[in-house]
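Chain residues, written in single-letter form:
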Amino acid sequence: MPNLHIIIGESNTRKSSLVRCLTGVGGGNAEKRLDIKLVSGKKINVFCILSALQERYKPKTPQEFMNYINALNPIPSDIVFTLRVNAVGSYPAANSYISAFTSAHWNISSIALLGSAACALSGIPTTATIERILSSPTQPTNETASFVRNKWGWC
């Protein structure tokens, strides 16, 4: 099962900007595999999804997302993506996604919680490496990325 690196926040908390800073993935509805160097010196190949699963041009429920990832060839070992804290239309809140991933035995490796709504979120797996950033809507995104890289062990 893949290692998940999840960025959670409401709109205007700079979720997509953070993914761009962390990975170098392009704009729009980008999906791309990129190598990320870890502080340990190891490289991981990360499948990056820029827009939140609930707000993409083709939004995905938790099960649709897991089916989509399982259909990729090869299945990525690591995935970075974003979620909205609250439900959007018929797509559930972040906690529902996390619960579904946990039930499917997917490893939630790291989480960045952006803004006050995300930082107040309950039900976050204690086994994940967690970075909480209340000021993400107002601080420079490269500063947020620096905090997240440091906490997650990414260069």
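Remember, it's a predicted structure, so these values are computed and weren't measured experimentally. (Residues numbered from 1 in each chain as written. Predicted model: local features only at pLDDT ≥ 70, side-chain atom pairs only at ≥ 80, totals over all residues. Heavy atoms only, no water.)

Residues at a pLDDT of 70 or more form 98% of the chain, whose mean pLDDT is 93. In the model of the chain, strand E2 (residues 31-37) stands out as the element of lowest mean pLDDT, 92, in contrast to strand E1 (residues 3-9), which has the highest, 98. (pLDDT = per-residue confidence, 0-100. Helix = DSSP H or I, 4+ residues; strand = E, 2+ residues; numbered from the N terminus.)

Another point: helix H3 (residues 94-103). For H3, every residue scored as buried is listed here: Ala94, Tyr97, Ile98 and Phe101. For H3, the angular spread of buried residues about the axis comes to 95 degrees, placing them on one side. Contacts from the buried residues of H3 go to E1, helix H2 (62-71), strand E4 (78-83) and strand E5 (107-114). Phi for His105, located one or two positions after H3, is positive at around 65 degrees. (Buried < 20%, exposed > 50% of the residue type's maximum accessible area, 1.4 Å probe, protein only. Arc of directions from axis to C-beta. Contact = heavy atoms within 4.5 Å.)

Attention now moves to the packing of helix H1 (residues 15-23) against helix H5 (residues 141-152). Any two packed helices are characterised by the angle at which their axes cross and by the distance between the axes. The geometry of H1 relative to H5 is characterised by a closest axis approach of 9 Å and an angle of 60 degrees between their N-to-C directions. Relative to H5, the element H1 is oriented oblique. You can see that H1 and H5 cross each other, and the crossing is right-handed. Residue-level inspection shows Ser17, Leu18, Cys21 and Leu22 of H1 in contact with H5, the latter providing Thr141, Asn142, Thr144, Ala145, Val148, Arg149 and Trp152. For the contact of H1 with H5, the class distribution of residues is 6 nonpolar, 4 polar and 1 charged. (Axes fitted to C-alpha atoms, helices over the stretch in contact; angles between N-to-C directions. Parallel < 35°, antiparallel > 145°, perpendicular 65-115°, else oblique. Left-handed = near helix turned anticlockwise from the far one by under 90°. Nonpolar A, V, L, I, M, F, W, Y, C, P; charged D, E, K, R; others polar.)

All right, on to the pattern of salt bridges then. For the structure on display, the rule yields 2 salt bridges. The residue Glu10 makes a salt bridge to Arg84 at a minimum N-O spacing of 3.3 Å. With Glu10 in the loop between E1 and H1 and Arg84 in the loop between E4 and H3, this pair connects stretches of sequence that are 74 residues apart. By relative accessible area, which is 17% here, Glu10 ends up buried. Arg84 gets classed as buried once you look at its relative accessible area, which sits at 15%. (Salt bridge = Lys/Arg side-chain N within 4 Å of Asp/Glu carboxyl O.)

In this section: the side chain of Lys60. Within the element layout of this structure, Lys60 appears in the loop between strand E3 (43-49) and H2. This buried residue, Lys60, is left without a salt bridge; Glu64 holds the nearest opposite charge, at 6.1 Å. Apart from residues lying up to four places away in sequence, Lys60 is in contact with Leu53, Phe65, Tyr68, Tyr91 and Tyr97. (Lys, Arg positive; Asp, Glu negative; His and termini not counted.)

A few words now on the packing of aromatic side chains. Taken as a whole, this structure holds 7 aromatic pairs when the rule is applied. An angle of 55 degrees between the planes, with centres 6.3 Å apart, marks the rings of Tyr97 and Phe101 as tilted. Taken as a pair, Tyr97 and Phe101 lie in helix H3 at a separation of 4 residues, close to a single helical turn. Phe101 shares its class with Tyr97; the two are buried. By way of ring pairs, the aromatic residues Phe65, Phe81, Tyr97, Phe101 and Trp106 are connected into one cluster. Over the face of the ring belonging to Tyr68 we find Lys60, whose NZ or CZ atom lies 4.8 Å from the ring centre. (Phe/Tyr/Trp six-rings, centres within 6.5 Å; stacked < 30°, edge-to-face > 60°. Lys NZ or Arg CZ within 6 Å of the ring centre and 35° of its normal.)

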